[in-house]
Amino acid sequence: MVEWTDFERDTIQDIFSRMEYDVVGPAALARCLVVYPWTQRYFGGFGNLYNAAAIKGNPMVSKHGTTIMHGLDRAVKNLDDIENTYTELSVLHSEKLHVDPDNFKLLADCVTIVVAAQLGKEFTGEVQAAFQKFLAVVVSSLGRQYH
Amino acid sequence: MSLSDKDKAAVRALWSTISKSSDAIGNDALSRMIVVYPQTKIYFSHWPEVIPGSIHIKEHGKKVMGGIELAVSKIDDLKTGLFELSEQHAFKLRVDPGNFKILNHCILVVIATMFPKEFTPEAHVSLDKFLSGVALALAERYR
């Protein structure tokens, strides 16, 4: 069970309540595929990922980026039980998608960078700490059902 | 993951844009680091206080960014160019090399907040590769 301070709770909920999921999601996933190109291994069916421009303009990447952000939404709405909230998603990523759990952290870092770029000065050290704590719990929960 | 000519050009271009703000970047990156990764404060236990934006943090931020500027100028051979800094980190400072990654991440976050337009995914990948190369060069003399 993760303990959240009021500041952390408020910060996380505030960021997500103001977030444009269909902007942040596509930007974060595209950035991940560009910055860590080996992550493209999971998107063989997505068509043209040959360069940064192709990745950014790829409609399947955009759609999937939005899907991922809505997946994070589940954790935001269940801050006190993220582990159980993600049991099925963890099994899915392990058994069906075969995603190396180390890659979750890479995507999380890209989400952080995109949110930082959106919020600018507002993304203070304290806000970053709360946001990264949230993502760390998500990443850990998604890796829990691997065996 | 060595730096291509494209990476070097991207790093030089980004540096020319951000270097005038290097004091602010150094201050923000270190201030952020001690808040987000409180374990890093142990390296500053000789300061009277370790708090974001303090005079010590500001001065140290300048030193760190000076090191980055040096690295940009030695981008064609980081190992040789950062030899002395590596010796200093290995034998005098003895900073666990795991922390280089932490500070690099904070630098990237600060650049994202200050230069969102310039910090495109293409610039990001080249800068990330460069900072990873700097970390590797800094760790060269450790053992």
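Keep in mind the model is a prediction, meaning the values are calculated, not measured. (Residues numbered from 1 in each chain as written. Chains lettered and ligands numbered in written order. Predicted model: local features only at pLDDT ≥ 70, side-chain atom pairs only at ≥ 80, totals over all residues. Heavy atoms only, no water.)

**Student:** Is there a simple way to explain the overall build of chain A in this structure?
**Tutor:** Within chain A, the secondary structure is distributed over eight helices and zero strands. Over its C-alpha trace chain A gives a radius of gyration of 15 Å, about what one expects of a compact globule, namely 15 Å for 147 residues. Judged by the C-alpha coordinates and their principal axes, chain A covers about 45 × 40 × 20 Å. In chain A, which comprises 147 residues, the share counted as buried stands at 50%. (Helix = DSSP H or I, 4+ residues; strand = E, 2+ residues; numbered from the N terminus. Rg over C-alpha atoms; globule rule 2.2 N^0.38 Å. Buried < 20%, exposed > 50% of the residue type's maximum accessible area, 1.4 Å probe, protein only.)

**Student:** Any chance you could explain the interface of chain A and chain B here in plain terms?
**Tutor:** How large an interface is tends to be reported as the accessible area lost when its parts come together. Contacts between the two partners involve 20 residues from chain A and, on the opposite side, 18 residues from chain B. Considering only the surface of chain A that becomes buried against chain B, R31, I113 and Q128 of chain A emerge as the three largest contributors, covering 29% of it. For the pair chain A and chain B, the interface holds one salt bridge. The salt bridge involving E122 of chain B is made with K56 of chain A; its shortest N-O contact spans 3.0 Å. Joining chain A to chain B, the criterion identifies eight residue pairs in polar contact (both at pLDDT 80 or more). When the residues that make up the side of chain A that touches chain B are grouped by side-chain class, the tally is 10 nonpolar, six polar and four charged. (Contact = heavy atoms within 4.5 Å. Buried area = accessible area lost by both parts, 1.4 Å probe. Salt bridge = Lys/Arg side-chain N within 4 Å of Asp/Glu carboxyl O. Polar contact = N/O pair within 3.5 Å; in protein donor to acceptor, adjacent residues only side chain to side chain. Nonpolar A, V, L, I, M, F, W, Y, C, P; charged D, E, K, R; others polar.)

**Student:** Any chance you could explain the pattern of salt bridges here in plain terms?
**Tutor:** Think of it this way: side chains of opposite charge can pair up when their charged atoms draw near. Residues and elements named next belong to chain B. All told, the structure shown has 14 salt bridges over all chains when counted by the stated rule. Where D76 meets K8, a salt bridge forms, and the shortest distance between an N and an O atom there is 2.8 Å. Remark: K8 occurs in helix α1 (residues 5-18) and D76 occurs in the loop between α3 (55-73) and α4 (78-81); sequence separation between them is 68 residues. Its relative accessible area of 57% is what places D76 among the exposed residues. According to the relative accessible area criterion, K8 is buried, its value standing at 14%. Here R141 and E87 are joined by a salt bridge, their closest N and O atoms 2.6 Å apart.

**Student:** Explanation requested: the UniProt feature "domain: Globin" (unreviewed entry) in chain B in the structure shown.
**Tutor:** Mapped onto this structure's residue numbering, the UniProt feature "domain: Globin" (unreviewed entry) falls at residues 2-143 of chain B. Spanning residues 2-143 of chain B, this segment combines 70% helix with 0% strand, and its end C-alpha atoms are found 21 Å apart. (UniProt positions renumbered as here; feature names shortened; annotations may be inferred.)

**Student:** Looking at this structure, I do not really get unusual backbone geometry. What am I missing?
**Tutor:** As a rule of thumb, non-glycine residues mostly have phi less than zero, and peptide bonds are mostly trans rather than cis. Phi at H98 of chain A takes a positive value of approximately 50°, unusual for a residue other than glycine. Assessed through its relative accessible area of 52%, H98 of chain A is described here as exposed. The backbone phi angle of R94 of chain B is positive, close to 50°, even though this residue is not glycine. With respect to the helices and strands, R94 of chain B occurs in the loop between α5 (83-93) and α6 (98-114).

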